[in-house]
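Residue strings, one per chain:
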Amino acid sequence: MATIRQRISGRVIAMREVVVAARSIRTGEVLSARDLRVQRLPAERVRPGMAERIERAAGHRIHRAVQIGQPLALADLSVPPVLLRDSLVQLQYEVPGLTITAQGRAIDEGAVGATVSVMNLATGGTVLAEVLGSDRVRPLRPLLQRLENTPSGRSASPRGGSQP
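Residues numbered from 1 in each chain as written. Predicted model: local features only at pLDDT ≥ 70, side-chain atom pairs only at ≥ 80, totals over all residues. Heavy atoms only, no water.

I'd love a proper account of the pattern of salt bridges, names of residues and values included.
Side-chain pairs of opposite charge can arise where the charged atoms are in close proximity. Following the criterion strictly, the structure yields eight salt bridges and no others. One salt-bridge network, held together by shared partners, links Arg23, Arg26, Glu29 and Asp35. (Salt bridge = Lys/Arg side-chain N within 4 Å of Asp/Glu carboxyl O.)

This is the structure we're talking about:
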C-alpha cells in the first residue's frame, strides 16, 4: 500500500456544553426542561457561571428575559418561592417535649430554607422565620426569649412568675 502525504491546515477550537433557551423566556418565568436545550459553544464565548446541565436550571425562576439560543447564567436563576407574600402561615417553635404554634401572615415570599419576615397575628409583632413549607415557618429567635423582656424589665419565668 502506498503512503499518501497530504498537508492539512486548520485550528482547534475548545468547545463547552452550556444550557441555552429553546424559546424566548420572559422575566419571572419558572423554567421547565422543554424550555431548555444543551448546545456546544466555543469556550471563549462561555462566561464563567453558566448553567452546564439542564437539571441545574429546570424548575428555577429566571430574573431576566432570555432570547432563543442565549446561554443561561446561574446568577439569573433562583428557586421559586413556596411561601407567598400575605399568605397565612403557622409559626411553629419546637423544643423537646414542647411545641408552641401561632397564626401568622407572611410579609415576604421565600423558598424552603429561606428567611422571611412574618407577622404574628395574635400579638402584631414581626419575627424572622425559616420557611418549612407553603404554610409553615419556624421562628429563628426562640419565642421564649421574648418573655425575658417584660415591661418591668425583669425576666419572666416559664411558670409566669417574675425572677429578680
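I'd like a rundown of the pairing of strand β5 (residues 88-95), residues and numbers included.
As paired elements, β5 and strand β6 (residues 98-106) share eight bridges and run antiparallel to each other. Each residue of the ladder has a partner; that of Gln92, found in β6, is Thr101. Linkage of β5 to β6, two consecutive antiparallel strands, is achieved through a turn of two residues, within which Gly97 is found at a positive phi near 85°. Summarising the sheet, β5 and strand β9 (residues 136-139) pair through two bridges and their orientation is parallel. In the sheet register, Gln90 faces β9, and the bridge partner there is Arg136. (Pairing = 2+ DSSP bridges. Helix = DSSP H or I, 4+ residues; strand = E, 2+ residues; numbered from the N terminus.)

Account for unusual backbone geometry, naming residues and giving values.
Positioned with a positive phi, Asp86 is a non-glycine residue whose angle comes to about 70°. In this structure, Asp86 sits in the loop between β4 (77-78) and β5.

Break down the sheet that holds β5 for me, with residues and values.
The strand order around the closed barrel built from five strands is β5-β6-β7-β8-β9, with neighbouring strands paired in mixed fashion. The sheet shows a mean angle of 55° between the axes of neighbouring strands, direction not considered. (Axes fitted to C-alpha atoms, helices over the stretch in contact; angles between N-to-C directions.)

Before we move on, can you summarise the confidence of the model for the chain with the specific residues and values?
Confidence in the prediction for the chain averages 85 pLDDT; 85% of positions are at 70 or higher. This model gives residues 143-150 a pLDDT under 50, and the stretch forms 13 contacts once residues within four places in sequence are excluded. Considering only residues more than four positions removed or in separate chains, one finds that residues 152-164, a stretch of pLDDT under 50, has 13 contacts. (pLDDT = per-residue confidence, 0-100. Contact = heavy atoms within 4.5 Å.)

Explain the side chain of Gln92 residue by residue, including any values.
Relative to the assigned elements, Gln92 resides in strand β5. Within the structure, the side chain of Gln92 is placed 3.2 Å from the side chain of Arg136, a separation counted as a polar contact. When near neighbours in sequence (up to four residues on either side) are disregarded, Gln92 contacts Thr99, Ile100, Thr101, Arg136, Val137, Arg138 and Pro139. (Polar contact = N/O pair within 3.5 Å; in protein donor to acceptor, adjacent residues only side chain to side chain.)

For the environment of Gly28, give the residues involved together with the corresponding values.
Note on placement: Gly28 falls in the loop between β1 (15-21) and β2 (36-42). Classification of Gly28 as partly exposed rests on a relative accessible area of 36%. Put simply, Gly28 and His60 are 32 residues apart on the chain and 9.5 Å apart in space, counted from C-alpha to C-alpha. With sequence-adjacent residues up to four places away left out, Gly28 is seen in contact with Arg61 and Ile62. (Buried < 20%, exposed > 50% of the residue type's maximum accessible area, 1.4 Å probe, protein only.)

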